[in-house]
Amino acid sequence: MIADLHIHTHFSADSEEDPRAQIESAIAKHADILCFTDHMDYDFGSEGDTYTFDPDAFFQELQPLQKEYADDIKVLIGVEFGMQPHLRQKFETLKDGWPFDYILGSQHLVYGQDPYYPDVFRGREDTEVIRRWFRELHESLQVFPEINALAHIDYIFRYVQDREKKYPYEMFEEDISGILKQLVKQGTALELNTGGFRKISCISGFHGSLLDQYEKEGGRVIVTGSDAHEAGNVLIDYDSLPAMLSGRDGLSFVYYEKQLAKSLCL
C-alpha cells in the first residue's frame, strides 16, 4: 500500500491547490491512501495567524470528497500543527473540537521566525541556528506528546545560507538524539518527508543516517509524506524509498485513522 500522509491545499497560506486535484493526482499515481494536512501555525512570527484555516470550512469541503472517491482511494483528514510551547491550549481546542484522523506535529520557527527567511541567519553561524532549532524542537515535543508523527525533522537544513559548506551527519548526531529518544518515549512516529529529499545538500545521505540513528535509539514507527503543495508533487520521490529502506526490517510503516495507528505495507 502507498500512503501520502502530508498534503496541502488552498486551506494553507502557501498553497493554492484544489483538494480534488490532489486526490486525482494521487489516484493517477496509484496511491492507496491520501491525507490532507493543511497548516495550522498559530502565532507564526511576524505573520501572525496567516497560516491557519477555518476547521469547519475544511471539513465541509473535504468530507464530501471522502465519500465521492471512496471506491478509488482512502481519503483522510488531518492537520499539520505548528508546535510552540505556549500554544498548548490552542492545540487542545483543535484536537478536541474536530474529528481529525491524523495530527502531524511540525516546527517551522527558530528565534521566532521561519528560517525560510535569510534574516534568521544574519549575524549568526549556520551551525548556531541549526542547534538552536533542534533545542526548540525538543522542547516543543515534550509539550505535545499527543501528536501522531513528527514532520520534516530536516526542515532547518533546507535553508542554511552557506550552500557550499558540507557537514558530516555526526556533527549533529547528539542534537538529533534527544529528539529521537523523545519520539520513542512518547510513541510518536517519525516522518520520512520525501519533499525534502532534494533540498538537503549540506549533509550527504542525511535520511539514511537518520534512519540508522532512529533504529539505534529504539525507533520503529515510520510515516511517509510528500509535503505536496501542488498536485504535481504528490508522491514526489517515492521511487527512492525502496532503496533507502532496504534491509530495515525492524521498521513498521503506519498511517492514522481516527488518530489510531494502522499497519501499512509498503
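Whatever comes next refers back to the structure up there.
Quantities reported herein were computed from a predicted structural model and do not represent experimental measurements.

The rules behind each value
Residues numbered from 1 in each chain as written. Predicted model: local features only at pLDDT ≥ 70, side-chain atom pairs only at ≥ 80, totals over all residues. Heavy atoms only, no water. Pairing = 2+ DSSP bridges. Helix = DSSP H or I, 4+ residues; strand = E, 2+ residues; numbered from the N terminus. Contact = heavy atoms within 4.5 Å. Axes fitted to C-alpha atoms, helices over the stretch in contact; angles between N-to-C directions. Salt bridge = Lys/Arg side-chain N within 4 Å of Asp/Glu carboxyl O. Buried < 20%, exposed > 50% of the residue type's maximum accessible area, 1.4 Å probe, protein only.

(A) Local environment of the sheet that holds strand S4 (residues 102-106). Strand order in the open sheet made by the nine strands is S1-S2-S3-S4-S5-S6-S7-S8-S9, with mixed pairing throughout. Sheet topology places strand S1 (3-7) and strand S9 (260-263) at the edges, where each strand pairs with a single neighbour. Where strand S5 (residues 149-150) lies against strand S6 (residues 189-193), two bridges are found, and the strand directions are parallel. Looking at the pairing, Leu150 lines up with Leu190 of S6. Sitting on the sheet, helix H1 (residues 19-28) touches S1, strand S2 (33-40) and strand S3 (74-82), and the angle it makes with S2 is about 145°. Relative to S6, helix H6 (residues 206-216) is tilted by about 170°, and along the sheet it contacts S6 and strand S7 (221-225).

(B) Highlighting the pattern of salt bridges. In this structure the tally under the stated criterion is 12 salt bridges. Across the pair Arg198 and Asp237 runs a salt bridge whose closest N-O atoms are separated by 2.8 Å. Residue Arg198 is located in the loop between S6 and H6, and its partner Asp237 is located in the loop between S7 and helix H7 (241-245); the two are separated by 39 residues in the primary sequence. For Glu215, the salt bridge is made with Arg248, and the minimal N-O distance between the two is 2.9 Å. In this pair, Glu215 sits in helix H6 while Arg248 sits in the loop between H7 and strand S8 (252-257), placing the two residues 33 residues apart along the sequence. Note on Glu215: relative accessible area 22%, which makes it partly exposed. Assessed through its relative accessible area of 13%, Arg248 is described here as buried. If you follow the salt bridges from partner to partner, you end up with Lys74, Glu257 and Lys262 in one network.

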